[in-house]
Amino acid sequence: MAKKLWNIAMVGATGAVGTQMIECLEEREFPVGKIKYLASSRSAGEILEFHGKPIMVEELTHDSFDGIDIALFSAGGERSREFCPSAVKAGAVCIDNSSAWRMDADVPLVVPEVNAHAIADYTKKGIIANPNCSTIQMVVALKPLHDYTQIERIVVSTYQAVSGTGRKAIDELRVQVGELLNGRPANNEVYPYQIAFNCLPQIDSFCENGYTKEEMKMVNETRKIMEADIRVTATTVRVPVFYGHSESINIETEKEITVEKAMELIAAAPGCELVDEVGEGIYPMPIDAAGQDLVQVGRIRKDESIANGLNLWVVADNIRKGAATNAVQIAEILIRDYLK
Ligand code: NAP
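Bear in mind that the values here come from a model prediction, so they are computed numbers and not experimental data.

(A) Main features of the domain arrangement of the protein chain. Along its sequence, the protein chain is carved into domain 1 (6-132 + 323-337) and domain 2 (134-318). Computed over C-alpha atoms, the centres of domain 1 and domain 2 are 25 Å apart. Contacts between the two partners involve 21 residues from domain 1, matched on the other side by 21 residues from domain 2. Together domain 1 and domain 2 conceal approximately 1800 Å² of surface at their shared face, both sides included; 57% is due to carbon and sulfur atoms. Here domain 1 and domain 2 share 1 salt bridge between them.

As structure tokens, this is what we get:
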């Protein structure tokens with residue numbers, strides 16, 4: 001019998017995440033029948049490719065989803081809020097990269113290595129949410145430790161690449177570096193301050209409690225995905241790196257995990273790669289993590305200031321595992337176990 005093919009709509013096909021999702025579908029040989037590329041009127045008419053064949057970008061409308069089985073959204077929260085219901089009405093299942101639906105009790109928030117079983121709840125609203133990029137890589141690294149002994153508290157500080165803000169931010173860093181090295185002033189439009197040769201302790205806007213929305217996403221999404229009442233506190237920082245988010249993570253656990261045990265658990269965990277040979281100067285870095293799908297974990301050491309604590313350094317490609325790859329992995333499970 002011929003393998004079933006699935007019709008896909010890529011909403012935000014021209015963006016940083018959208019173009020990577022197209023590449024992931026190609027690389028992973030997802031069984032695609034028809035594929036539709038959707039974006040704003042600005043890019044309608046542009047030609048992109050799928051497996052070498054030209055596909056014209058169309059403007060996203062409420063009628064874009066006829067005959068679509070799976071709609072992959074990465075065009076910002078507003079578009080997801082407005083257009084996911086139309087896609088579901090037309091019979092598609094939505095996998096959404098934005099933050100629009102993540103904390104909706106009727107929408108599963110999924111990282112396949114951690115809570116693939118939650119995909120079953122897609123039937124409630126027809127939508128599956130892809131978590132925030134910083135949250136995804138953190139929970140992939142922490143899940144094997146949490147399965148060994150309950151994680152009670154997480155303190156995380158992030159060092160996030162500009163690609164996490166999308167195409168325009170990648171250009172802003174590139175242009176600023178060029179201007180500054182040529183002795184000219186750097187203009188900023190995407191970020192509130194110059195990002196080249198700088199660090200910004202602000203990602204997204206501030207909440208009333210003084211945390212940024214990005215920080216609160218890490219707190220709330222982690223608890224939802226891990227299905228555990230873990231205390232989490234986060235500081236999220238934008239750094240002048242193009243691809244690859246890094247995280248310094250401190251955990252407090254119920255029982256002790258020795259460094260050796262943590263290394264053994266991480267080395268065996270799905271989606272993780274142990275990169276930790278400090279004697280040889282080997283640890284995860286964005287330049288190595290970018291362009292591949294594993295979450296790299298290293299610098300594992302005991303937190304000597306508390307009874308049961310560990311420190312870790314975790315790096316992943318924010319556009320791949322932090323967004324596109326995770327969404328395509330969800331789609332793979334959806335067609336394997338749920339859609340017929
Ligand atoms: P991006 O590079 O700025 O791309 C945005 C995409 O949305 C483009 O394809 C754009 O199309 C489309 N779009 C914008 N306004 C639209 C409209 N009115 N109607 C239809 N399409 C519209 O952004 P990105 O980084 O790919 O992020 C996309 C989404 O994924 C965001 O919700 C973001 O929060 C989320 N996300 C991003 C990351 C990351 O690491 N970058 C990680 C996780 C989640 P045009 O070409 O027509 O402008």
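(B) Geometry of the layout of surface pockets. Within this model, the largest pocket holds a volume of roughly 1500 Å³. In terms of lining, the largest pocket is formed by 49 residues, of which the most central are Ser74, Ala75, Gly76, Thr165 and Gly166. Going through the elements one at a time, helix H1 (16-27), strand E2 (32-39), helix H2 (77-89), helix H5 (167-181), helix H6 (213-226) and helix H9 (320-338) are the ones with two or more residues in the lining of the largest pocket. For the lining of the largest pocket, the element with the highest residue contribution is H2, accounting for 4 residues. Split by residue class, the lining of the largest pocket holds 16 nonpolar, 21 polar and 12 charged. Both domains that meet at the lining of the largest pocket, namely domain 1 (6-132 + 323-337) and domain 2 (134-318), each give it at least three residues.

(C) Expanded view of the nonpolar core. Counting 53 residues, the largest nonpolar core has Phe65, Leu142, Leu145, Ile154 and Leu312 as the members making the most contacts within it. At 7 residues, helix H4 (residues 133-148) tops the list of elements feeding residues into this core. Lining this core are residues from two domains, each supplying at least three of them: domain 1 (6-132 + 323-337) and domain 2 (134-318). Beyond its immediate stretch of four places on either side in the chain, leucine 142 contacts Ile151, Ile154, Met226, Ile249, Ile251 and Leu312. With 39 residues, the next largest nonpolar core counts Ile22, Ile35, Val93 and Ile333 among its residues.

(D) Expanded view of the site of the ligand. Looking at the ligand, there are 26 residues lining it, with Thr14, Ala16, Val17, Ser40 and Ser43 nearest. Between an oxygen atom of the ligand and a side-chain N or O atom of arginine 42, the distance comes to 3.0 Å. Here an oxygen atom of the ligand and a backbone polar atom of glycine 76 are 3.2 Å apart. Alone, the ligand offers 900 Å² of accessible surface; in the complex the protein occludes 82% of this. Because more than half of its atoms lie within 2 Å of the grid, the ligand is assigned to the largest pocket. Residue composition of the shell around the ligand, grouped by class: 9 nonpolar, 14 polar and 3 charged. Residue contributions to the shell around the ligand reach at least three from each of two domains, namely domain 1 (6-132 + 323-337) and domain 2 (134-318).

Definitions and cut-offs
- Residues numbered from 1 in each chain as written.
- Predicted model: local features only at pLDDT ≥ 70, side-chain atom pairs only at ≥ 80, totals over all residues.
- Heavy atoms only, no water.
- Domains from an automatic or database assignment.
- Contact = heavy atoms within 4.5 Å.
- Buried area = accessible area lost by both parts, 1.4 Å probe.
- Salt bridge = Lys/Arg side-chain N within 4 Å of Asp/Glu carboxyl O.
- 1 Å grid on protein atoms, 1.4 Å probe; cavity = no way out; pocket = protein on both sides within 12 Å on 5 of 7 lines; lining within 4 Å.
- Points joined across faces, edges and corners; volume = space filled by probe spheres on them.
- Helix = DSSP H or I, 4+ residues; strand = E, 2+ residues; numbered from the N terminus.
- Nonpolar A, V, L, I, M, F, W, Y, C, P; charged D, E, K, R; others polar.
- Core = buried A, V, L, I, M, F, W, Y, C linked by side-chain atoms within 4.5 Å.
- Buried < 20%, exposed > 50% of the residue type's maximum accessible area, 1.4 Å probe, protein only.
- Near = heavy atom within 4 Å.
- Polar contact = N/O pair within 3.5 Å; in protein donor to acceptor, adjacent residues only side chain to side chain.
- Areas by Shrake-Rupley, 256 points an atom, 1.4 Å probe, with all protein chains shown as cover.
- Sits in = over half its atoms within 2 Å of the grid points.

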